[in-house]
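# A structural walkthrough
Listed below are the residues making up each chain.
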Amino acid sequence: MKVSDWKKNVIDQAQIDKYLTEGNDFICEKTIKQKIQDGQNPTDEYIEQIIEKALSVKTLAPEETAALLNVSSEKMWDKIFKAALELKKKVYDNRIVFFAPLYCSNLCVNNCEYCGFREKNCKEKRAILTPEEIKRETKSVLNEGHKRLILVFGEHPKSDIDYMQEAIKSVYEVHEKAPKSGKETNIRRVNINAAPMSIEKLRRLKEAGIGTFQVFQETYHKETYARVHPKDTIKGNYRWRLYALHRAMDAGLDDVAIGALFGLYDWKFEVMGLLYHTLELEKRYGVGPHTISVPRITPASESELSENLPYQVNDEDFKKIVAVLRLSVPTAGLIVTAREKPEIKREIIKLGCTQTDASTRIGIGGYSDQLNQEKQQFTIGDPRDLDDVIQEILKDGFIPSFCTAGYRCGRTGETIMGMLSHCVEGKFCKLNGVLTFREYLNDYASEETKVLGEKIIQKELGEIYKEQYFVDHPKLIEKFDHQYKEISSGKRDRYI
Ligand code: SAM
Ligand code: SF4
């Protein structure tokens, strides 16, 4: 099929229209701007009430988020920042989950102005990994110690659903021996970041056994969206993208992930957009997003826009974005990526972020061929190895986690959201954090990381045995003790 014919068949208008309410979608620019305007000059008492509500693990209402966005005093921002970390610990405990992105193809039929992969960028060297190459990349990622991958694709007929299914299969087929212990290891959860698709194609992703399906709206502001995504491209259709995750839910993929690309439009508007997206998913499906991502644009090859951003977000505002989102959507994981430089990433992790990537290479084939970082989508700020990032996390008192238990134990969608809002999932996060980090220490850690890591494990174990929830659930602790011992004696992939 010719590429032009394929392009005509991607969007199914009926799979947009069915979600509209009287012809409208759920993003109303006028309402968002009004809420931000009305939220000006909030009193300290009101902000404290909002913080209290967030700490009781309830999604905030738009006017509450708008009030947080309008806080001006440093004293109140300090309170928000502290509450953000407190809330994160309450819901997700002390762990930071690690993952790695694997870029499979940079072929793309779209022309997003900020992206190096856009079709009109003739300087970009195009490549699409074969199944063998995907396996080679997976081996390299496994050798670092990762257990979770997110596969990333441009939008192109050659990387359509058949290719994606094959790619997922290739990743799951790889088994490698861990460098320090020789124990067999494999990727236990594959997530996907790809263009929006039809419900039929999304069902095939579900069959392939993925964890989360992730699509960033880029910007919720329609005029800006239209400016940076040319009309004659598939991505130019705002609503096809806006309902990508509704279709995923309808296809049975109940772990969905949203995000906005910061730098295109006013960050306060985008935070409100993410909240409205969350509220819409909660209303329709009873489940909000599994995660929210906050990528900031970094320079991309031949993209003038990416070097001269109309709404550049500085580090101070970036911290506010993360803290306000943390409080606004307490049950969502928050992802900060290697786009950020180490110093700011470290600060963001202390504001309630739950997941991050490390040892990241985003060139196509960039893990197995480290010298080849040419075919990449944008520049990254943090190229450090996983072990180095882990050392930093440990020094800050967090426990790194490679947990993939949630979706393998059926804790997805409504089930996990219920457990998160009752602060129960965090208990599982704690146990699985310890189990999977125990594996990492035995299988991959450098000597320095081992010293720091053993201390954190002891601290976490101490907390587990004291915690009332576990005292009340002795069977759970029995199982945990058993699995911990099994891992220490050489067994692998134990989880609760
Ligand atoms: N092609 C698919 C799509 O657009 O949905 C897959 C995703 S794209 C390879 C992954 C994400 O990278 C985009 O959704 C966008 O938010 C982000 N991105 C694109 N250009 C970027 C840049 N210059 N800096 C930072 N992030 C960027
Ligand atoms: Fe293609 Fe995605 Fe890049 Fe847009 S952001 S040009 S759709 S790869």
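All values reported here derive from a predicted model rather than from experimental measurement.

Reading guide: rules and limits
Residues numbered from 1 in each chain as written. Chains lettered and ligands numbered in written order. Predicted model: local features only at pLDDT ≥ 70, side-chain atom pairs only at ≥ 80, totals over all residues. Heavy atoms only, no water. Buried < 20%, exposed > 50% of the residue type's maximum accessible area, 1.4 Å probe, protein only. Helix = DSSP H or I, 4+ residues; strand = E, 2+ residues; numbered from the N terminus. Arc of directions from axis to C-beta. Core = buried A, V, L, I, M, F, W, Y, C linked by side-chain atoms within 4.5 Å. Domains from an automatic or database assignment. Contact = heavy atoms within 4.5 Å. Axes fitted to C-alpha atoms, helices over the stretch in contact; angles between N-to-C directions. Parallel < 35°, antiparallel > 145°, perpendicular 65-115°, else oblique. Left-handed = near helix turned anticlockwise from the far one by under 90°. Nonpolar A, V, L, I, M, F, W, Y, C, P; charged D, E, K, R; others polar. Phe/Tyr/Trp six-rings, centres within 6.5 Å; stacked < 30°, edge-to-face > 60°. Lys NZ or Arg CZ within 6 Å of the ring centre and 35° of its normal. Near = heavy atom within 4 Å. Polar contact = N/O pair within 3.5 Å; in protein donor to acceptor, adjacent residues only side chain to side chain. Areas by Shrake-Rupley, 256 points an atom, 1.4 Å probe, with all protein chains shown as cover. Expected span 1.5 Å × (residues − 1). Lys, Arg positive; Asp, Glu negative; His and termini not counted. Salt bridge = Lys/Arg side-chain N within 4 Å of Asp/Glu carboxyl O. Buried area = accessible area lost by both parts, 1.4 Å probe.

Attention now moves to helix H9 (residues 199–207). Listed as buried for H9 are Ile 199, Leu 202 and Leu 205. End-on view of H9: buried residues confined to an arc of 105°, all on one side of the axis. Looking one or two residues beyond H9, the residue adopting positive phi is Gly 209, at roughly 85°.

In a soluble, globular protein the nonpolar side chains are often hidden away together inside. By size, the foremost hydrophobic cluster in this structure holds 165 residues, and its most contacted members are Leu 151, Ile 192, Leu 205 and Phe 213. Mapping this core onto the domain boundaries places at least three of its residues in each of domain 1 (3–24 + 85–413) and domain 2 (425–488). Each residue touching Leu 205, except ones within four places of it in the same chain, is listed here: Ile 161, Met 164, Ile 168, Ile 192, Met 197, Ile 210, Phe 213 and Leu 253.

What follows is about the packing of helix H5 (residues 62–69) against helix H13 (residues 267–285). When two helices pack together, their arrangement is given by the angle between the helix axes and by the axis-to-axis distance. Direction vectors running N to C along H5 and H13 enclose 155°, while the axes themselves pass 10 Å from each other. Classed by the angle they form, the pair H5 and H13 counts as roughly antiparallel. In the packing of H5 onto H13, the handedness of the crossing is right-handed. Mapping the contact onto sequence places Pro 62, Thr 65, Ala 66 and Leu 69 in H5 and Trp 267, Lys 268, Val 271, Met 272, Leu 275, Tyr 276 and Leu 279 in H13. Among the residues making up the contact of H5 with H13, the classes are represented as nine nonpolar, one polar and one charged.

What characterises a pair of aromatic rings is the spacing of the ring centres plus the angle enclosed by the ring planes. Under the definition given, this model contains 14 aromatic pairs. The side chain of Arg 247 reaches across the aromatic face of Trp 240, ending 3.5 Å from its centre. Looking at Arg 296, its charged tip hangs above the ring of Phe 318, at a distance of 4.1 Å from the centre.

Lining the immediate environment of ligand 1, one finds 20 residues, of which Asn 193, Glu 218, Lys 235, Arg 241 and Arg 339 sit closest. In this structure, Tyr 114 approaches ligand 1 through a main-chain N or O atom, which is 2.9 Å from a nitrogen atom. Here an oxygen atom of ligand 1 sits 2.6 Å away from a polar atom, N or O, in the side chain of Glu 218. When ligand 1 sits alone it has 570 Å² of accessible area, and the protein chains cover 96% of it.

Compared with an ideal rise of 1.5 Å per residue, which puts 15 residues at 21 Å, helix H23 (residues 474–488) spans 21 Å between its outermost C-alpha atoms and is within 8% of the ideal. The complete set of buried residues in H23 reads Leu 476, Ile 477, Phe 480, Gln 483, Tyr 484, Glu 486 and Ile 487. The positive-phi residue at the C-terminal boundary of H23 is Gly 490, with phi of around 110°.

Here we come to the site of ligand 2. Around ligand 2, the structure places Cys 108, Asn 110, Cys 112, Cys 115, Phe 117, Arg 118, Gly 154, Lys 235 and Gln 377. Residue composition of the shell around ligand 2, by class: four nonpolar, three polar and two charged.

It is worth spelling out the side chain of Asp 357 at this point. Mapped onto the secondary structure, Asp 357 falls in strand E10 (residues 355–357). Put simply, Asp 357 is tucked away with no salt bridge, and the nearest opposite charge, on Lys 345, sits 4.0 Å away. Among the polar contacts listed, one links the side chain of Asp 357 to the side chain of Thr 360, at a separation of 3.0 Å. The residues touching Asp 357, leaving out its near neighbours within four places in the chain, are Phe 99, Pro 101, Val 336, Thr 337, Ala 338 and Lys 345.

Moving on: the environment of Ala 67. One can find Ala 67 in helix H5. Under the relative-accessibility criterion, Ala 67 is labelled buried at 0%. Placed 24 residues apart in sequence, Ala 67 and Thr 43 show a C-alpha to C-alpha distance of 9.0 Å. The contacts of Ala 67, once residues within four sequence positions are left out, are Gly 39, Pro 42, Tyr 46, Ile 47 and Ile 50.

You can read the domains of the protein chain as domain 1 (3–24 + 85–413) and domain 2 (425–488). In this assembly, 32 residues from domain 1 lie in contact with 24 residues from domain 2. Here domain 1 meets domain 2 over a buried area of about 2,300 Å², counting both sides, of which 56% is carbon and sulfur. Sorting the residues of domain 1 by area buried against domain 2 places Lys 180, Leu 394 and Ile 399 first, and these three jointly supply 24% of that buried surface. Where domain 1 meets domain 2, there are two salt bridges. For the salt bridge of Arg 188 with Glu 439, the shortest nitrogen-to-oxygen distance reads 3.1 Å. There are 15 residue pairs in polar contact (both at pLDDT 80 or more) connecting domain 1 and domain 2. Those elements that provide at least two residues to the side of domain 1 that touches domain 2 are helix H6 (74–92), helix H7 (131–144), helix H17 (386–395) and strand E11 (399–401). Broken down by element, the residue count for the side of domain 1 that touches domain 2 peaks at six residues, all from H17.

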